[in-house]
Each structure stands twice: as structure tokens, then as C-alpha cells.
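Residue strings, one per chain:
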Amino acid sequence: MKKYEKVTKADYERWYRENEEYRRRVSQDGCRLSYHLMPETGWLNDPNGLCQFHGIYHIYFQYTPFEPSGQIKLWGHYTTEDFIHYTDCGPVLFPDQDFDAHGVYSGSAFIEDDVIHYFYTGNVKYFDRNDYDYIMTGRGSNTVHCTSRDGVHFSTKELLMTNADYPADISAHVRDPKIIKKDGIYYMALGARDVHDKGMVLLYRSEDLKHWNSYSRITTGESFGYMWECPDLFYLDGRLCLICCPQGVEPDGMDYWDAQQCTVMMLEYDFTPGQCSPDAIKDIRVVDRGFDFYAPQTFLDERGRRILIAWMGTAGTDYTNPTAAAGWQHALTLPRVLHVKNGRLIQQPVEELKNLRKNSSTCSLPCESGCRSGIIYEAELVFSRCETMCAQLRNSVLLSYEAGLLTLDMGSAGSGRKRRYLKLNGLHSLRIFSDTTSLEIFVNGGEETFTTRVYDGVLPEGEIQLTINGICEGTLTLHELNGVSWMQDH
Ligand code: FRU
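Rules and cut-offs
- Residues numbered from 1 in each chain as written.
- Predicted model: local features only at pLDDT ≥ 70, side-chain atom pairs only at ≥ 80, totals over all residues.
- Heavy atoms only, no water.
- pLDDT = per-residue confidence, 0-100.
- Helix = DSSP H or I, 4+ residues; strand = E, 2+ residues; numbered from the N terminus.
- 1 Å grid on protein atoms, 1.4 Å probe; cavity = no way out; pocket = protein on both sides within 12 Å on 5 of 7 lines; lining within 4 Å.
- Points joined across faces, edges and corners; volume = space filled by probe spheres on them.
- Nonpolar A, V, L, I, M, F, W, Y, C, P; charged D, E, K, R; others polar.
- Near = heavy atom within 4 Å.
- Polar contact = N/O pair within 3.5 Å; in protein donor to acceptor, adjacent residues only side chain to side chain.
- Areas by Shrake-Rupley, 256 points an atom, 1.4 Å probe, with all protein chains shown as cover.
- Sits in = over half its atoms within 2 Å of the grid points.
- Core = buried A, V, L, I, M, F, W, Y, C linked by side-chain atoms within 4.5 Å.
- Buried < 20%, exposed > 50% of the residue type's maximum accessible area, 1.4 Å probe, protein only.
- Contact = heavy atoms within 4.5 Å.
- Pairing = 2+ DSSP bridges.
- Axes fitted to C-alpha atoms, helices over the stretch in contact; angles between N-to-C directions.

## Comments concerning the confidence of the model for the chain
The predicted coordinates of low-pLDDT regions are not to be read in fine detail. The share of residues in the chain with pLDDT of 70 or more is 100%, and the mean pLDDT across the chain is 97. The secondary structure element of the chain with the lowest average pLDDT is strand β24 (residues 367-374), at 89, and the one with the highest is strand β18 (residues 306-312), at 99.

What follows is the structure, given as C-alpha cells:
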């Protein structure tokens, strides 16, 4: 498969038949994750089109089955009813049209009247001149719509908007549509970069999901990054939240240490006509403190839960994933239920994940001699008192708390990832999910999280010694975890 050439479903099916050996090689890699979603082969990035329809959760994602560096973007497709048993349905959207020839980029799902509507960005690079910078010129960012009545079979793609439909002061970078409905009107949030390198969300308005008019924009007064990717606008617990990914924000104290950021903004905005004033943005916070968290998307499930899944990876880093040598790269985070409490975003893993537990044991803290555990575990720490604490989570990975500072130190297991810090007014609880090559840490009931890949060379069947030292009291409950199960349906 060649970059910058269309890929059809037939091309993919032929390639799939010819690459059984590649699949076998990846399936035997010791770094494979056991209860996180990873690509069967190749590369995965943003979750796309997240929704639950007739009981089935549909998790689409940016996908390149062909090789592990992510050159050609399709939409892969996994389904589950319980976040434990998964089906790999195979890719559903291919870059096979003039308007999406160089990537079926990120997008979202919106369900109405028993139909799933998908909106995504068709990426096109022009090669008719040699002076394009592909930022201000030379790139088509097309907004595309298609529908499905089952999440598997898709209607014909329909081109809704091209660069000519975006405001004149906007660059060629406009992407990642997400829909919110308010008072019977649909609004589309699009991530954008203007010609002065200021990041923002463009808001479009529609009464029928087909005809869209430029309506407003959401941005800060001073520039906060040059491009905002993957905007997601939703109401939660009485607040209007905007999660988006500003690129180009410099580190500031403990914040913004990722190459590209993921932030949550609380908005006071009621969609009245006219510009959304920068003052409508009441608060901006980092969503996750780890090294591998980007481009999250949320959706409302049929039980009314606002669930977030993110790409457990990010672009533009100087750290690496050794899995690329084995033919695959990246994964998705665990699904997390969101809430807003005291104006802050709270993230907690979906309760279904408790069904992965086996072999549970409890001990009191501190736990200096350590608990032996398989590498695939969930640890719950509840402190009745914590002045200092140092937990060895994996070979050479330490999480320590002292003088109000929580530090994640990757030791020699980070493949270039080093340390991350967080100021805390007290440590009350930790919930830690360790998979073969990942860690997700929920701090103080999910008020803060750290998500990272980890490469300490322990294989799935290996064991580690989990130790917790310090001036602290409380309990540690350790659950070894099963992996999720997979069916192949393509
Ligand atoms: C974010 C992103 C999106 C884009 C997609 C392409 O990671 O850059 O803005 O649609 O990835 O794969």
C-alpha cells in the first residue's frame, strides 16, 4: 500500500489475505496488551465515532493495519457489549474518494431516529505545486457525512464542507467534527488553526444535519496553542465542558509537559448568536498527567453515562515505543466514566472492568515486604493517613508522595519517558491499572490521572514485587486481572 494513493476495501482485503505471517508475528509479541485495545497489526491513534447503539458499543479508531508508523488512515472498528468481550469487525471507512484520498481522519458519531450519523475529516494533500506548506496552503480538510443503521454497513459518503466553507482567516487545518444538540439545533465543533497560528474551535449550526452554516468560534483571548485538535463539547453535571487538544502550548510549572496537550475547559456559553467571548472560558486544566494520553472522545451511553476513551499515545514525542520493531504501535485507554465535581473533571474506569478481577488479596499499609503479583493487575490503595509514600509499581517504576508532590518516575522503563509531577492537597486514594506495557493511575477518586506506556521487560506471565513504603496507614487491595477476549468478524 502506498502513501498518498487511495486504498479501497478490496485493496485491504487482498493485503489481509497476503499478510497472515505479519499477523502471526504481532500476535506473538510479548509486549501485547491484555485488556487494552491495540491494533491487530500496524498503527492505531484517535478513538473515533464512539457510541452505543442497540446495546452494542462501537469503538472506531484511526488505523493503519499495513505498518507501525501510521502513514495511511482508515477507521478500524471494534465492538463490545460489556467492555470484556470484544469483536474485531475490521476496517469500515477507507480513503477511497477524491475528498478523503489521503486519510479518513478523525470524526464522531451522532445517533438520531435509529440512525448513526458519522462526521469525519477527509484529508487531501495537493501535489500540483512545489511551494505548498500544507498548513496555510496545499491541504484540503473536507467535512464528510455518512450513516449506518447497524454500525457495520455504511451509506455512501457525502461531502458536506470544503475549505471554501470555512472562514477566510482560517488556515487549511480544520478537522475532527463533533456534534452537540441544543434546543433542537445541531452544532458542529471543528478544531482549527487560524492564519495567525491561533488555535480555536469553529462552531457550525444546522437544522437538519446536512446544511451547515458558520455560527461562532470558541477561543481564548491570548493565543493558547496554534491548533486545537479533536474538540468535544458536551454538557455534564450541569456544566458545559470543552475537551480539546491544543498543540504548541509551552510547559508551565507542573502543567503542559506533553508534546501536545489535552485540556478540559469549563464554559459559560449558551449558544446565543454572536461570538463566544473569551471570558466564557472559565477554567483550563490538563486532563491527564502521564506521557501517553491524547485525542480523547466522549459519548453518552444508553445508561446515561458520559464515557471517555483516549488514544494511549501521542505524536511529536522524543520517547518511543519498542513495539514498533514488532510491527505494531499504540493502544486506547480504558473506558472512563466522567463527572464534574466542584468544577473539576473526575475520571473513573467503567465498573464493568471489575469483571476482569481474579485472585484478590488485601494487606495493610505500609507494605514494605511487598506483595507478589502478576504484571497484569489492579491495585486499590485507600489511605486513612498519608504523610509520605513510595510505591514500586513495576520493575523500576516508582510513584512517590512527599511534601504535597506526587511524582511518577519511570526509572529505566520509560523508553525515553522520565518523570511527571503533580501538586496535591493530600493523597487519599490510588487506583492503579497495570497491563503488560501500560499503567493508568487514578488519583483521589479520579480527580487526577496518569496514563503511560511502560517497557520494563516483564512479559505477561512474569511476576513483580509491589512494595509500598512511607509514613502512611490504610489498605492495599490487589487484584490480578484477566485479559479481555476477542472474536474476529472479518
Ligand atoms: C489527532 C489527529 C487528528 C486527526 C488525526 C489523524 O491525533 O492529528 O487531529 O484527525 O489525528 O490521524
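Text resumes after the structure shown.
## Section: empty space enclosed by the protein
For the structure on display, the rule yields four cavities of 30 Å³ or more. Considering only enclosed or pocket space, the largest cavity measures out at about 80 Å³ in volume. Considering the residues around the largest cavity, the lining is formed by 15 residues, among which G107, D176, C230, P231 and Q297 are closest to the centre. The set of elements that each furnish at least two residues to the lining of the largest cavity consists of β1 (42-53), β5 (104-112), β9 (170-182), β13 (227-236) and β17 (294-300). Of the volumes computed, that of the second largest cavity is approximately 60 Å³. Broken down by class, the residue content of the lining of the second largest cavity amounts to 11 nonpolar, two polar and no charged.

## A short note on the site of the ligand
The local shell around the ligand consists of N45, D46, Q62, K73, Y105, S106, R175, D176, E229, C230, Y294 and W311. D46 has a polar side-chain atom sitting 2.8 Å from an oxygen atom of the ligand. Here an oxygen atom of the ligand sits 2.8 Å away from a polar atom, N or O, in the side chain of E229. The protein chains hide 91% of the 320 Å² of surface that the ligand would expose on its own. Using a 2 Å cut-off from the grid points, one finds that the ligand occupies the largest pocket. Residue assignment for the shell around the ligand shows that the elements contributing at least two residues are β1, β5, β9 and β13. Considering only residue class, the shell around the ligand consists of four nonpolar, three polar and five charged.

## Remarks on the layout of surface pockets
By rolling a water-sized probe across the atoms, one finds the places where empty space is left. Each pocket or cavity is described by its volume, and for the largest pocket that value is around 720 Å³. Along the walls of the largest pocket sit 34 residues, with N45, K73, Y105, R175 and E229 positioned nearest its centre. Those elements that provide at least two residues to the lining of the largest pocket are β1, β5, β6 (115-125), β9, β13 and β17.

## Description of the nonpolar core
With 85 residues, the main nonpolar core has L381, M389, L427, L430 and L476 as its most contacted residues. Among residues more than four places away in sequence, those in contact with L476 are S361, T362, C363, L365, C367, C371, A379, E380, L381, L466 and I468. Within the second largest apolar cluster, 24 residues are counted, among which are F224, C244, Y269 and V286.

## What to know about the side chain of R394
Along the polypeptide, R394 turns up in strand β26 (residues 389-394). Only 2.9 Å separates the side chain of R394 from the side chain of D456, close enough to count as a polar contact. Those residues in contact with R394 that lie beyond four places of it in its chain are I375, S434, D435, T436, T437, S438, L439, V454, D456 and I464.

## A closer look at the sheet that holds strand β16 (residues 281-286)
The antiparallel open sheet is built from four strands, whose spatial order is β13-β14-β15-β16. Looking at the sheet topology across the chains shown, the edges are occupied by β13 and β16. The average undirected angle you get between the axes of adjacent strands in this sheet is 20 degrees. Relative to strand β14 (residues 239-247), β13 is paired through eight bridges, and the arrangement is antiparallel.

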